[in-house]
Amino acid sequence: MKTAIVTDTNSSITPQEAKEMGIYLIPMPFFIDGETYLEGETCTHETFFHLLKAGAKVSTSQPSPETITSLWDRLLQTYDRVLHFPMSSGLSGSCETAKALAQDYDGRVLVVDDHRITLTLARSIRNAVSLLDQGKTAEEVKAILEGERDASSIYVAVSTLEYLRKSGRVTAAGAAMATILHIKPVLQIQGGKLDAYRKVRGMLHAKKTMIGALRHDLATRFSGMRMAVYSGYSGSDRTVGDTWHDEVQAAFPEYKVPPSVSLPLSICCHTGEGAVGLGCAKVW
């Protein structure tokens, strides 16, 4: 049976990469000063961060049901099944929305909730392509990936808490105190949810903390698994991503670390500019 793969730009997969992989990409919507923009279509990273620096108010959204179902309907004219990969159900309501919509498709649309986002979600999609190429059915791919949903880890350090404060995830007093003390919180995404990992002083210490945490994960939780290591950053300055990639590659010489991924704008709404992250995920 022919299976189509659908995801959105929260996967950090670009339109060009999606075309090369043969998958279908939904641009994530978000708001800037109350106006809706679509990532990669009506707003570039450069424009986003320019407006952010100018004081624009940003917030996240999710694709409309009509956007999702119209794509599914079109694909099911030529495909037998659709594998739909939203971001983790622990981080957004878009996964539950997709699951509810899929109930009207008599099992032809399968929503994969393997607790991934950005770097690790992209790996899941590449794993799905590989598994389908190996002859697995859509149902088998969904079962395999959801069965190993904990085989990934992400750490992120933000340079400012201002945007997390605006979204209500950090109190104003907490954000102000962190600024005064030069505290950089290190966040983690494991099991599909965002949690605080550690508070450190300065971005240099934050980077060392993330590298140490991921090294420990690879040596313990993921020992014996075939893993890939990734790096990412937020901002319009590519040299920030290149520098961070080189640091991660030097820390993990046994892995071939791809170029740093520019984090999705729906994530940058919460991190602002200057965040860096790294993660790992199982490879099929």
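Residues numbered from 1 in each chain as written. Predicted model: local features only at pLDDT ≥ 70, side-chain atom pairs only at ≥ 80, totals over all residues. Heavy atoms only, no water.

What follows is about the packing of helix H5 (residues 118-133) against helix H6 (residues 138-147). Pairs of packed helices are described in terms of their axes, by the angle between the two and the distance that separates them. For the pair H5 and H6, interaxial distance at closest approach is 10 Å and the crossing angle is 140 degrees. The orientation of H5 with respect to H6, classified from their angle, is oblique. H6 is crossed by H5, and the crossing has right-handed handedness. Across the interface between the two elements, Ser124, Asn127, Ala128, Leu131 and Leu132 of H5 pack against Ala138, Val141, Ile144 and Leu145 of H6. Its residues assigned to classes, the contact of H5 with H6 shows seven nonpolar, two polar and no charged. (Axes fitted to C-alpha atoms, helices over the stretch in contact; angles between N-to-C directions. Helix = DSSP H or I, 4+ residues; strand = E, 2+ residues; numbered from the N terminus. Parallel < 35°, antiparallel > 145°, perpendicular 65-115°, else oblique. Left-handed = near helix turned anticlockwise from the far one by under 90°. Contact = heavy atoms within 4.5 Å. Nonpolar A, V, L, I, M, F, W, Y, C, P; charged D, E, K, R; others polar.)

Attention now goes to the packing of helix H3 (residues 65-75) against helix H4 (residues 94-102). Across the interface, H3 lies against H4 with an axial gap of 11 Å and an inter-helix angle of 50 degrees. The orientation of H3 relative to H4 falls into the category oblique. Of the two possible hands of crossing, H3 and H4 adopt the one that is right-handed. The segment H3 lies against H4, with Pro65, Ile68, Thr69 and Trp72 engaging Ala98, Leu101 and Ala102. Its residues assigned to classes, the contact of H3 with H4 comprises six nonpolar, one polar and no charged.

Hydrogen bonds between backbone atoms are what pair the strands of a sheet, whose relative direction is either parallel or antiparallel. With antiparallel pairing, the three strands of this open sheet are ordered in space as S4-S3-S5. The outermost strands of the open sheet, each flanked by one partner alone, are strand S4 (35-38) and strand S5 (58-60). Going from strand to strand, the sheet's axes swing by 30 degrees on average, the running direction of each strand aside. (Pairing = 2+ DSSP bridges.)

Before going further, it helps to spend a moment on the pattern of salt bridges. With the rule as written, the count across this model stands at nine salt bridges. Ionic pairing is found between glutamate 139 and arginine 81, a salt bridge with its closest N-O pair at 2.8 Å. Here glutamate 139 is found in helix H6, whereas its partner arginine 81 is found in strand S6 (residues 81-85), with 58 residues between them in sequence. By relative accessible area, arginine 81 is classed as buried at 19%. In this structure, glutamate 96 engages lysine 99 in a salt bridge whose closest nitrogen and oxygen atoms are separated by 3.7 Å. (Salt bridge = Lys/Arg side-chain N within 4 Å of Asp/Glu carboxyl O. Buried < 20%, exposed > 50% of the residue type's maximum accessible area, 1.4 Å probe, protein only.)

Moving on: the confidence of the model for the protein chain. The predicted model of the protein chain averages 89 in pLDDT, with 91% of residues at 70 or higher. The low-confidence segment residues 169-181, where pLDDT is below 50, has 14 contacts with residues more than four positions distant or belonging to other chains. (pLDDT = per-residue confidence, 0-100.)

If you look at the biggest cluster of nonpolar residues, it comprises 24 residues, and the most contacted ones within it are Met210, Leu214, Leu218, Val229, Phe252 and Leu278. If you list the elements that add at least two residues to this core, you get strand S8 (152-157), helix H9 (203-219), strand S11 (227-233), helix H10 (238-251) and strand S13 (276-282). The element that contributes the greatest number of residues to this core is H9, accounting for seven residues. In this structure valine 229 touches Leu214, Leu218, Val248, Phe252, Tyr255, Val257, Pro258, Gly279 and Cys280, once residues within four positions along its chain are discounted. With 18 residues, the next largest nonpolar core counts Leu110, Ala122, Leu132 and Ile144 among its residues. (Core = buried A, V, L, I, M, F, W, Y, C linked by side-chain atoms within 4.5 Å.)

So, on to the state of the cysteines. What is meant by a disulfide is a covalent connection between two cysteines, made through their sulfur atoms. Under the counting rule described, the total for this entry stands at zero disulfides. Free of any disulfide, cysteine 43 has its nearest cysteine sulfur in cysteine 269, 9.0 Å distant. Cysteine 269 takes part in no disulfide bond, and the closest cysteine sulfur to it belongs to cysteine 268, at a distance of 7.5 Å. (Disulfide = S-S within 2.5 Å.)

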